Amino acid sequence: MELHTTICALATPPGEGGIATVRVSGPDAYAIVSKIFAPVRQGKSVADAKGYTAMLGHYLLHGAEMDECVALFFRAPHSYTGEDVIELSVHGGTAMADGLQEALITAGCVPAGPGEFTRRALENGRMSLTQAEAVMEVIAANGRQGAALAKSALDGRLAKRIGKIQTALQTLNAHLTAWVDYPEEDVPELSDEAFVRTLTEQKAELDALINGYSAGAVLRHGVDCVLLGRPNVGKSTLLNLLAGFDRAIVTPVAGTTRDIVEQAVQLGSVRLNLFDTAGVREVGADGDAIEAEGIRRSWKKLDEAGLVLAVFDSSQALEKEDWELMDALEKVPAIAIVNKSDLPTRMDVEAIQGRFEKTVSLSAATGEGLDALEQALSEILDTKDFHPQEGVLFTQRQRMDAQTALDSLREGEQALVLGLTLDAVTVCVEDALHALAALTGEQVSEEIVDRVFEEFCVGK
Ligand code: GDP
């Protein structure tokens, strides 16, 4: 990557808005902006502008005075990228911002690539790779929890947590190496017990981090969740209750939900992307073709779902279709909803409890029992004991590196159990340390960094 170019890009979302900001970063930022910025007050000049100050002016395109423009100055290294940076704000809408970018490019700027500002920040040591990834997550986060989560990584909490594991393993390795290299010296021999304890503790810590990844993913992106059950058990009513307004049509006639209704709902800390489906029901020869298509799609959706809410009607005895549904869900993460708890129970609830990891009794009509559903969700999705403020893994890349480190430690432990030489164990601990250095970006290939930034948007 060439670092001596001066880049520019629109930093605000394209389209209509109050203001549009174009950001310029690089060694020639001040020289280039000087050429296209005419200060309103006489005696002012861009070249002399101090960092953290603002200046009012107009920008010039091919010599013509254009829109009013506010320039905000940053001087290297005290800027986002660590380079000289100038942010130019003009009136919103695309016309003025486009003109401004054209002026900058004519004066010598290069259009920035995706994530190039953040990449420069990384390369100038302004942030770590995990913090750069967090920037992307903060931009993409669409729930309060998700934003909090990404922000915790931006604060470097993940780096701190990984750092602790690294320190423990490095100490262990220093001991091992000294002992293996200088057996005759008086290096105190590390007891097997202390050794195993360190390995076990760091394994547990990595395990917790890896588990936290899926919980974090659930909090950030939500979990795809299908409502299944035979017609009239109350799926649409439940969906409407969760969504808080009438989204699906609820009628007492079986077979009204013909297609998949999609709705994102927030239940406690969990976001569910809900799909209500046509009821699971056999369609006879005289069956309705549209409904049959809906049913086919329900089963397809089941393959893709992260979670199933299987709904049953407690006011009626279990029917053949209920049993078929239970059979179909044997290997799928699912919560059984025993609905219509406001009516007298005529169903064998125990039969259901025996088949599901979690069973929740509720009334979709009155909302009673919703707390229990919230509780069951946090338990089944493992979000209950999840504390983003402690630092969490939040990209697949990070999760895979953590997994490699964990696998290496397991191998090391195995080598110890099998009575292999300490050399063999050292190699495993070193492998784990390499994986962790890749995770934090301390030792990471250019190719991986490229891949991280490919997903960035331009202007960040
Ligand atoms: P779906 O076919 O599974 O989507 O079922 P619906 O949501 O359309 O509900 C079928 C019927 O059951 C409607 O008349 C609902 O008002 C009724 N119903 C749904 N949930 C409850 C409940 O918790 N209690 C009672 N008493 N009726 C309910």
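Just so it is clear, the structure is predicted and the values come from calculations on it, not from any experiment. (Residues numbered from 1 in each chain as written. Predicted model: local features only at pLDDT ≥ 70, side-chain atom pairs only at ≥ 80, totals over all residues. Heavy atoms only, no water.)

Asker: Can you walk me through helix 15 (residues 446-454) in this structure?
Answerer: Given 3.6 residues to a turn, an α-helix orients residues that are three or four positions apart in the same direction. Along helix 15, the residues that are buried comprise V449, V452 and F453. Projected down its long axis, helix 15 carries its buried residues within an arc of 90 degrees, all on one side. The exposed set on the far side of helix 15, more than 90 degrees from its buried face, consists of E447 and E454. (Buried < 20%, exposed > 50% of the residue type's maximum accessible area, 1.4 Å probe, protein only. Helix = DSSP H or I, 4+ residues; strand = E, 2+ residues; numbered from the N terminus. Arc of directions from axis to C-beta.)

Asker: Hey, could you run me through the environment of A29 in this one?
Answerer: If you trace the backbone, A29 turns up in helix 1 (residues 29-36). The class for A29 is buried, based on a relative accessible area of 0%. For the pair formed by A29 and C8, sequence separation is 21 residues and the distance between their alpha carbons is 9.1 Å. When near neighbours in sequence (up to four residues on either side) are disregarded, A29 contacts T6, V24, D84 and I86. (Contact = heavy atoms within 4.5 Å.)

Asker: When you look at the pattern of salt bridges in this model, what are you seeing that I'm missing?
Answerer: Pairing between side chains of opposite charge can happen when the charged atoms of each approach one another. Taken as a whole and judged by the stated rule, the model has 17 salt bridges. With its nearest N and O atoms 3.8 Å apart, the salt bridge here joins R230 to E319. Linking R230 in the loop between strand 8 (223-228) and helix 8 (235-243) with E319 in the loop between strand 11 (307-313) and helix 10 (320-328), this pair joins segments that are 89 residues apart in sequence. On the basis of relative accessibility, which here comes to 33%, the residue E319 falls in the partly exposed class. As a salt-bridge pair, E330 and R355 come within 3.9 Å of each other at their nearest N and O atoms. With E330 in the loop between helix 10 and strand 12 (334-339) and R355 in the loop between helix 11 (349-353) and strand 13 (358-361), this pair connects stretches of sequence that are 25 residues apart. What makes E330 exposed here is its relative accessible area of 56%. Three or more residues joined by partner-sharing salt bridges are found here, namely R119, E123, E446 and D450. (Salt bridge = Lys/Arg side-chain N within 4 Å of Asp/Glu carboxyl O.)

Asker: Hey, could you run me through a nonpolar patch on the surface in this one?
Answerer: A contiguous nonpolar surface patch, about 220 Å² in accessible area, is contributed by V40, L56 and V70. Residue placement: V70 occurs in strand 5 (residues 64-74). Take V70: its relative accessible area is 39%, and that puts it in the partly exposed class. (Patch = residues over 30% accessible without salt bridge, like charges linked within 9 Å, V, L, I, M, F, W, Y side chains within 5 Å. Areas by Shrake-Rupley, 256 points an atom, 1.4 Å probe, with all protein chains shown as cover.)

Asker: Quick question: what am I supposed to make of helix 2 (residues 94-106) here?
Answerer: For helix 2, which comprises 13 residues, the first-to-last C-alpha distance of 18 Å matches the rise-based estimate of 18 Å (1.5 Å per residue) to within 8%. Where helix 2 is concerned, the buried positions are A97, G99, L100, Q101, A103 and L104. Looking at the packing, one finds that the buried side of helix 2 touches strand 1 (7-10), strand 2 (19-25), helix 1, strand 4 (53-61) and strand 6 (85-91). Looking one or two residues past helix 2, G108 carries a phi angle of roughly 125 degrees, positive in sign. (Expected span 1.5 Å × (residues − 1).)

Asker: Hey, could you run me through the packing of helix 3 (residues 116-123) against helix 15 in this one?
Answerer: If you want to describe how two helices pack, look at the angle between their axes and the distance between the axes. Running from N to C, helix 3 and helix 15 cross one another at 145 degrees; their axes reach a closest spacing of 10 Å. Here the hand of the crossing between helix 3 and helix 15 comes out right-handed. Within the contact between the two elements, helix 3 uses T118, R119 and L122 and helix 15 uses E446, V449, D450 and F453. Looking at side-chain class alone, the contact of helix 3 with helix 15 contains 3 nonpolar, 1 polar and 3 charged residues. (Axes fitted to C-alpha atoms, helices over the stretch in contact; angles between N-to-C directions. Left-handed = near helix turned anticlockwise from the far one by under 90°. Nonpolar A, V, L, I, M, F, W, Y, C, P; charged D, E, K, R; others polar.)

Asker: Teacher, can you tell me more about the confidence of the model for the chain here?
Answerer: Reading fine detail from the predicted coordinates is not recommended where pLDDT is low. Looking at the chain, pLDDT values average 83 and 81% of them are 70 or higher. Highest mean pLDDT in the chain belongs to helix 1 (97); lowest belongs to helix 9 (residues 289-304) (58). Predicted confidence for residues 279-286 stays below pLDDT 50, and this span has 23 contacts to residues more than four positions away or in other chains. (pLDDT = per-residue confidence, 0-100.)

Asker: When you look at the packing of aromatic side chains in this model, what are you seeing that I'm missing?
Answerer: Aromatic rings considered in pairs are described by the distance between their centres and by the relative angle of their planes. Applying the stated criterion across every chain yields a total of 3 aromatic pairs. Ring geometry for Y52 and F74: centres 6.1 Å apart, planes at 90 degrees, overall edge-to-face. Residue Y52 is located in the loop between strand 3 (37-39) and strand 4, and its partner F74 is located in strand 5; the two are separated by 22 residues in the primary sequence. The class for F74 is buried, based on a relative accessible area of 18%. On the basis of an interplanar angle of 70 degrees and a centroid distance of 5.9 Å, the ring pair of F312 and F356 is categorised as edge-to-face. You can see F312 sitting in strand 11 and its partner F356 sitting in the loop between helix 11 and strand 13, a full 44 residues away along the chain. No difference in accessibility class separates F312 from F356, as the two residues are buried. When the ring centre of F117 is taken as origin, the NZ or CZ atom of R23, which lies over that ring, is 4.6 Å away. Lying across the ring of Y30, R75 places its NZ or CZ 3.6 Å from the centre. (Phe/Tyr/Trp six-rings, centres within 6.5 Å; stacked < 30°, edge-to-face > 60°. Lys NZ or Arg CZ within 6 Å of the ring centre and 35° of its normal.)

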